[in-house]
Amino acid sequence: MSLKVVKPIEVTSGMLTSSVPVDDYPGWNADATYAAEQRVVHEFQVWQSNQDANTGKQPTTNGTWWVAVGPVNRMKAFDRSHTTKTRFSHSAWFEIQLEGTVNALALMECEGLRSVRIQVEHPSYGLLYEQTVGMWSISQKSSWYDWVYGERREQDSLYRFDLPSYRGAHVRIEIEAANDAAIGVILLGQQQDIGFGVSPGLSMGIRDYSRKETDQWGEVTLQKRAYARERSFKVNCLKSELDNTDRLLTSLRATPALWLLSNQYQQANVYGWASDYKLLVDYGPYCVLSLQLEGLI
């Protein structure tokens, strides 16, 4: 398969409606007086007061009085970070009113999801797309014995790349889940192809940020921390596509995106950023793209 990349669109609070309430903290009130470290919600952000006797100071325009803590629970799945998660119980729905066009949807770093229903509807053309996907746990291996008796893992991601691309449509995501469910990233974007095949020799690994600490008695403690997936590979491209490929990769600098390297190996795919790339222009009609990805998940 060709290398596929999905550059996410920004989903703002004005584009989103959801069953997940915005009740993290009380809403900011211009007439109220807030003490130091007291928190409020304003414009779908959580803010913390820096000082006592904080009255009439709007959080977005008074940096000495307020500090932004982060998005409210509803918006955490759309802040492009996998470390913040939108949490809910039993069921939830999200509806995004699109301003442009998208043809891809991904849910990543999910917990406790049982099924996901996806609908795309347009005010002029009606229902364009509808699909329900089961998210039950699956066997770690493929034999019948392991399927029945073996260890199982929960599906933590969902990819769909066949959404109809209509400007002005809205996407609705309905979720049935367990008592304590969460989604780290809901990504909507336009899928684009690069080259015509990932070359043999894909390198997969992780960068582990865990630490080993030794006390004065020689006792060793391992502190388990986050890690980043790393992928290094080459893609064959036509020279006629060189300019477009270079523009696309340049536009993705410091931008989290979904990179799809393989249909066979899901672990090869990564949500992250291109930390380095090089285009080797050789003789003949082809050029070779060398790409290094660093995952956020």
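Residues numbered from 1 in each chain as written. Predicted model: local features only at pLDDT ≥ 70, side-chain atom pairs only at ≥ 80, totals over all residues. Heavy atoms only, no water.

(A) Broad picture of the pairing of strand β19 (residues 227–238). Pairing between strand β16 (residues 203–208) and β19: six bridges, direction antiparallel. Following the sheet pairing, D208 is matched in β19 by Y227. (Pairing = 2+ DSSP bridges. Helix = DSSP H or I, 4+ residues; strand = E, 2+ residues; numbered from the N terminus.)

(B) Just the environment of L188, in detail. Along the chain, L188 turns up in strand β15 (residues 170–194). In this structure the C-alpha to C-alpha distance between L188 and S199, which are eleven residues apart in sequence, comes to 28 Å. Beyond its immediate stretch of four places on either side in the chain, L188 contacts K7, P8, I9, I96, L98, V102, A104, L105, L163 and V171. (Contact = heavy atoms within 4.5 Å.)

(C) Main features of helix α2 (residues 242–251). Turning to α2, its buried residues number three or more, namely T245, L248 and L249. The buried residues of α2 all sit within an arc of 95° when viewed along its axis, so they share a single face. (Buried < 20%, exposed > 50% of the residue type's maximum accessible area, 1.4 Å probe, protein only. Arc of directions from axis to C-beta.)

(D) Spotlight on the pairing of strand β21 (residues 270–281). One ladder, built from three bridges, connects strand β20 (residues 257–260) with β21; its direction is antiparallel. Counterpart to W259 in the pairing with β21 is V270. By the bridge criterion, nine bridges tie β21 to strand β22 (residues 286–295) in an arrangement that is antiparallel. Across the sheet, the residue bridging to D276 is Q292, located in β22. Here β21 hands over to β22 after four residues, with G284 in that stretch at a positive phi of 85°.

Coordinates in, geometry out; function isn't part of it.
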